[in-house]
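Close look at the chain arrangement
In case you want the letters, here they are:
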Number of protein chains: 2
Amino acid sequence: MNRDVFNNLKALFNPKSLAVIGASASFGKWGQLIFSNILAGGFAGRVYAINPAQESVYGVKTSKSVKDISDPVDLVFIATPAETVPSLVQECADRRVKAIVLITSGFSETGEKGKELERDVAGICAKSDIALIGPNTMGIIAPYASLFATGTHSRPIKGKVAFVSQSGNLGNQLIHWATKHGIGVSLFVGTGNEALLGCTDLLEYLEEDINTEIIILYLEGVDEGRRFLDTAARVNLKKPIIVLKGGRTDAGRIAAASHTGSMGGRDEIFRAVCRQAGLLNVWVPTELLDLSAGFSCLPMPRGNRVGIVTLGGGWGVVTSDECNQRGLVIPPLPDEIIEAVGRHLPPFWSKGNPVDLVGTTDPRAPVAAVEELLKWDGVDAVIGLGIIGRLEVVRLLVDSTRKADPDIREEFLDRVIGFAQNYETEYVASMVELMERYEKPILGVTLAQTSEGTVRPVEGRRYSGVFYQTPENAVNALARMVQYQRRVGYLRRSS
Amino acid sequence: MNRDVFNNLKALFNPKSLAVIGASASFGKWGQLIFSNILAGGFAGRVYAINPAQESVYGVKTSKSVKDISDPVDLVFIATPAETVPSLVQECADRRVKAIVLITSGFSETGEKGKELERDVAGICAKSDIALIGPNTMGIIAPYASLFATGTHSRPIKGKVAFVSQSGNLGNQLIHWATKHGIGVSLFVGTGNEALLGCTDLLEYLEEDINTEIIILYLEGVDEGRRFLDTAARVNLKKPIIVLKGGRTDAGRIAAASHTGSMGGRDEIFRAVCRQAGLLNVWVPTELLDLSAGFSCLPMPRGNRVGIVTLGGGWGVVTSDECNQRGLVIPPLPDEIIEAVGRHLPPFWSKGNPVDLVGTTDPRAPVAAVEELLKWDGVDAVIGLGIIGRLEVVRLLVDSTRKADPDIREEFLDRVIGFAQNYETEYVASMVELMERYEKPILGVTLAQTSEGTVRPVEGRRYSGVFYQTPENAVNALARMVQYQRRVGYLRRSS
């Protein structure tokens, strides 16, 4: 990617002005989806609507064409039918537009005629160094520019994770989940048909993007395999790249061929490439989210030894099993650590790892137990099970108590709920503080569906609390973080 | 288990009267947790509170002892300290109490003295054929008797799935999840230390329990392995048994030993036993729930061939991969099926399996596409991706549109939401109807966190809609159902 295109990509994700060709108030049309999202998302630059058939759209006076806008336009979204696109793109080129997001479908994914049309469009853009995303893309999100321009109106918070997806639908849904789970996003791009710019170009861009520290890729196929490998290997040493490759089985490959037209390659080759480059290759979309949360909010583990603190014995057993299965070690506790932890627990505690809190009612015990383990140089990470999520159980108990005793003072029950709420808030703050103090990750497990989602930020702190719903999700995230550290450590040493 | 104990177990789960020894209004104590739960849960039989230090608890006049209750008492809960238990149990025996749930901990899990105490208690119960659950149990739930008697105050709906757990905490959390996901429960038992009755006894009971059709077990260790195997193998032919065994790795075994004192056995042996008996042996607790939903709400698949209908191409690819990986086949569509499905879709659709709905706006298309696949004798099940869950996306779009156009008529936006809501409701009803018509399972995937949970019942119907959040969860449930059908088919033929 040449430097002019690179700079134009920069303008794409941080435009001073933008125009939507096909902007519309007709509910559910692409021109409406994109335009209403941009307006509602609070984009701070100038916004133009282009629609020759309307006077104004949502209070924005329309122009007939980009040619009619006298000020410079950095970025243009196009959502009009395929056959109108080449001349519109030519007009953009004439007006020195820097970047185009081509939402319109009906190009190479539909056959020969569409392929030709797509080649024309790509040719015009290439000649003018226009940064072209698409066609057939579901849009982009750039939270740092308050630019939300996708069909799905999620509003992820600003953060460190960039999502690049060859499937718009899957990418949008990932962003939707990321938003629900409080995962901070630096950029989202649905690359669509990649007529001009593809995943490798975006990797080059993200390598230099100051907001991005972790990169998530959903791929179905990669052109220029060698260039992808070299770029990914280089970028991955600085910013972890986590990849899901659709089409790793015969059935998946057939589905991918009819979806993005990608012919993929044999999965073993792709996996070998990832291994060589040190990329993390995951199996299902939700892993992308779990790893996003872990990599972006926690310190990296320096090894694979795990301390477990649990509110219930059974969960400790299940988590130990998952850890072992994934190559993580649950070291036995030496006498001095048993003694140190034991100072905070009833005498009949488990005296081992996992540390079973055996329903202790001392509210300081869970934090103290976690800290004793973190302090010890025998563990590289702690998994804490079932402290966060208890509020849910307290709420149920309060409901029952009110039913059993209609005369009970509401003030008392409010105080109980308030105590549980505060306890959770303070526990999250303690975990974040401990992570800063000891530079070791703590992965929480809620064991309940909480409304707060996975990530719990703490004002002014470098790390955030991360609370997965299940042990397997926490263990998987930790195992992958360990894997990344090892591979990249090895690659760094050997380079 | 002799017949008297069996009948007493029956009384345990459907008592005419019960007493709580240690009933208390002291918030958070076990005697309060259990007693308030029983009262609030609406148990219809007589309830007695036993507490010599109180006049009444939550408006229930207390007795000093079971001896002071003149009417018969079927079931007694005990939540007083361990040392008080043997004489209390003796009093129960004298009063011909049929069953005891012994919540109290501090028995065999704490050492030699506790073991002795536990032997005493078990001895008294055995002599009188009292059905004893525990000690060290977190309680029981019998929804058909409106009897909710656990520390966690979940209120699962009546249903077909029995949960038996050697870990109370894990079991309670499973029930909590089951409640959130609308999974119907026939019984829950935390077996605790299993001083007298254990998992095998409960299997014998559940074999005859008319409400139970599916059995979920969380085990850490089984005494009398041969008896367990024989019983489980027999019961499993009638009622699928799904097992999670804690302690399948070295770390897990060590954790289990300190938790339930179980010495477990080598995992390979347990897995071989399960295979021989045809039980489904799963890896993580959430699988128990996913399989509960699938087995209890859907017709069983007759084979492993899957049709996929998807709102987005990428998700179709990912789901195909997961299917293939799990031994499910995605058959190509013959011309007549392509033609039949194509009648409902735009001309540029994928013309293959997965059927990509390519964002068609015809609201009848998704149901029609599912039906064309179900009708065809080339598939045994359909997975439908992303119809349910769209409401969530519509809500976001409506929010944006309102922001972009503050003058828009609220009535219009309400109508949009109403349409999306109705659409989901009707879609669920259609899926259930199609399952009844074709006797093939349809597994939905929401691709979004919906507030309704996994199971969506339809009034008066045998099956329910089942909508998992992710493809991997749906595929896993289906793969396990196929596995069960095969194993049990084979076992039935060869027996």
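Residues numbered from 1 in each chain as written. Chains lettered and ligands numbered in written order. Predicted model: local features only at pLDDT ≥ 70, side-chain atom pairs only at ≥ 80, totals over all residues.

1. Topic: the overall build of chain A
How we decide: We count a stretch as a helix when DSSP gives it H or I for four or more residues in a row; a strand needs E for two or more, and each element gets its number in order from the N terminus. The quantity called the radius of gyration is restricted to C-alpha atoms. Its globule counterpart is 2.2 Å times the number of residues to the power 0.38. In this scheme every C-beta is placed from the backbone, and a residue whose C-beta has 20 or more other C-beta atoms within 10 Å is buried, one with 12 or fewer is exposed, and one in between is partly exposed. By the convention adopted here, residues make contact when the C-beta atoms placed from their backbones lie within 7 Å.
The helix and strand inventory of chain A stands at 16 helices and 20 strands. Here the C-alpha atoms of chain A give a radius of gyration of 26 Å, agreeing with the 23 Å that 2.2 N^0.38 yields for 495 residues. Seen through its C-alpha atoms, chain A measures out along the principal axes to roughly 80 × 65 × 40 Å. For chain A, with 495 residues in total, the buried portion stands at 58%. Counting only contacts in chain A whose residues sit at least 6 apart along the sequence, the fraction spanning at least 24 positions is 72%.

2. With respect to the relation of the copies chain B and chain A
Note the following rule: Only residues with pLDDT of at least 70 in both copies contribute their C-alpha atoms to the least-squares superposition of the copies.
Overlay of chain B on chain A (RMSD 0.0 Å): rotation 180 degrees, translation along the axis 0.0 Å. These values place the two chain copies in the arrangement generated by a two-fold rotation axis. Comparing contact sets, 100% of the residues at the interface of chain B also lie at the interface in chain A, consistent with an isologous, same-surface contact.

3. As for the interface of chain B and chain A
For the record, the criterion: In this classification, Asp, Glu, Lys and Arg are treated as charged, Ala, Val, Leu, Ile, Met, Phe, Trp, Tyr, Cys and Pro as nonpolar, and every other residue, Gly included, as polar.
Taken together, the contact pairs 71 residues of chain B with 71 residues of chain A. At the level of secondary structure, the elements contributing two or more residues to the side of chain B that touches chain A comprise helix H2 (30-41), helix H5 (168-180), helix H8 (250-259), helix H10 (285-297), helix H11 (313-325) and helix H14 (390-404) of chain B. Among the residues forming the side of chain B that touches chain A, the class breakdown is 29 nonpolar, 31 polar and eleven charged.

4. Points about the domain arrangement of chain A
All names here are of chain A. For clarity, the threshold we go by: Residue ranges assigned to each domain were obtained from an automatic or database domain assignment.
Each assigned domain of chain A is listed with its residue range as follows: domain 1 (3-295) and domain 2 (298-491). On the domain 2 side, the residues contacting the 15 residues of domain 1 number 19 residues. Elements supplying a minimum of two residues to the side of domain 1 that touches domain 2: helix H7 (225-238) and helix H10 (285-297). It is H10 that provides the largest number of residues to the side of domain 1 that touches domain 2, a total of six residues. In terms of residue class, the side of domain 1 that touches domain 2 is built from seven nonpolar, five polar and three charged.

5. Remarks on the nonpolar core
Where we set the bar: Nonpolar cores are identified as sets of buried Ala, Val, Leu, Ile, Met, Phe, Trp, Tyr and Cys residues joined via C-beta atoms within 7 Å.
Grouped together as the largest cluster of nonpolar side chains are 330 residues, with contacts concentrated most on Val76 and Ile100 of chain A together with Val76 and Ile100 of chain B. In contact with Ile100 of chain B, not counting residues within four places along its chain, are Val76, Ile78, Val89, Cys92, Cys125, Ile130 and Leu132 of chain B.

6. A word on the sheet that holds strand S5 (residues 75-78) of chain B
Residues and elements named next belong to chain B. Threshold: Any two strands with at least two DSSP bridges between them are considered paired. Fitted lines through C-alpha atoms give the axes, limited to the stretch in contact for helices. The angle between two N-to-C directions lies from 0 to 180 degrees.
Spatially, seven strands are ordered S3-S4-S2-S1-S5-S6-S7 in an open sheet, and the strand pairing comes out mixed. Because the sheet does not close on itself, it has two edges, and the strands there are strand S3 (56-57) and strand S7 (131-133). Where strand S1 (residues 17-21) and strand S2 (residues 46-50) come together, five bridges link them in parallel fashion. Paired with Leu18 across the bridge in S2 is Val47. Contacts from H2 reach S1, S2, S3 and S5, with the element oriented near 155 degrees to S1.

7. What about the environment of Gln276 of chain A?
With respect to the element layout, Gln276 of chain A can be found in helix H9 (residues 267-277). C-alpha of Gln276 of chain A to C-alpha of Leu333 of chain A: the two residues are 57 residues apart in sequence and 36 Å apart in space.

8. Quick word on the pairing of strand S10 (residues 158-165) of chain B
Residue and element names in this part refer to chain B. Burial within S10 is extensive, with six of its eight residues counted as buried. One ladder, built from six bridges, connects S10 with strand S11 (residues 185-190); its direction is parallel. Along S11, the bridge assignment pairs Lys158 with Val185. In terms of strand pairing, S10 meets strand S12 (residues 214-219) through five bridges, oriented parallel.

9. Overview of the confidence of the model for chain A
Where we set the bar: On a range of 0 to 100, pLDDT expresses the predictor's confidence in each residue.
Predicted confidence across chain A gives a mean pLDDT of 94, with 99% of residues reaching 70 or more. Quick note on the complex model: pTM equals 0.96, ipTM equals 0.95.

10. Remarks on the sheet that holds strand S14 (residues 280-282) of chain B
Residue and element names in this part refer to chain B. Spatially, seven strands are ordered S9-S8-S11-S10-S12-S13-S14 in an open sheet, and the strand pairing comes out mixed. Looking at the sheet topology across the chains shown, the edges are occupied by strand S9 (147-150) and S14. Across the sheet, the mean angle from the axis of one strand to that of its neighbour is 20 degrees, orientation sign disregarded. Pairing between strand S8 (residues 139-142) and S11: two bridges, direction antiparallel. In the sheet register, Ile141 faces S11, and the bridge partner there is Phe188.

11. A look at unusual backbone geometry
What is expected of a backbone is that most residues other than glycine have negative phi and most peptide bonds are trans. With an omega of 5 degrees, the peptide bond between Asn353 of chain A and Pro354 of chain A qualifies as cis. Inspection of the secondary structure puts Pro354 of chain A in the loop between helix H12 (335-342) and strand S16 (355-356). Cis geometry is adopted by the peptide bond preceding Pro135 of chain B, which originates at Gly134 of chain B and carries an omega value of 0 degrees. Residue position: Pro135 of chain B is located in the loop between S7 and S8. Not every positive phi belongs to a glycine, and Tyr58 of chain A is a case in point at roughly 45 degrees. Tracing the chain through its elements places Tyr58 of chain A in the loop between strand S3 (56-57) and strand S4 (60-63).

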